[in-house]
Amino acid sequence: SGKEPHPGGNLVQNPSFEKNRNEIPESWSIWSPRSELEPRVQVRSDYSRSGQWSLWMSGEGKPACYGKLGQVIK
């Protein structure tokens, strides 16, 4: 088939959402069609499991809030 099997390990970079100095998870990016529609994104430890970070997103009451957090898997 021409495809090499994946040697193992996690394809997702930073799956535990370790944050950078901008408070956004390292290797992740926020996308929204317009900045005023962008959800608020936080990395929090108070809602974590296994002592790691968790991702928290909020529309903060904006009815037209639309966006996502993602990354390109290579």
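Above this text is the structure in question.
None of the values given here were measured: they were computed from a predicted structure. (Residues numbered from 1 in each chain as written. Predicted model: local features only at pLDDT ≥ 70, side-chain atom pairs only at ≥ 80, totals over all residues. Heavy atoms only, no water.)

> Just to check I follow, could you spell out the pattern of salt bridges for this structure?
Side-chain pairing between opposite charges can occur once the charged atoms of the two side chains come close. A full pass over the atoms with the stated rule returns two salt bridges. Between Glu-36 and Arg-34 there is a salt bridge, and its shortest N-O distance comes to 2.6 Å. Accessibility expressed as a relative area gives 46% for Arg-34, which makes it partly exposed. (Salt bridge = Lys/Arg side-chain N within 4 Å of Asp/Glu carboxyl O. Buried < 20%, exposed > 50% of the residue type's maximum accessible area, 1.4 Å probe, protein only.)

> How should the nonpolar core be read in this particular structure?
General note: in soluble globular proteins, nonpolar side chains tend to be found buried as a group. Grouped together as the largest cluster of nonpolar side chains are six residues: Phe-17, Ile-24, Trp-28, Val-41, Val-43 and Leu-69. Every residue in contact with Ile-24, bar those within four places of it in the chain, is listed here: Glu-18, Lys-19, Ile-30, Val-41 and Val-43. (Core = buried A, V, L, I, M, F, W, Y, C linked by side-chain atoms within 4.5 Å. Contact = heavy atoms within 4.5 Å.)

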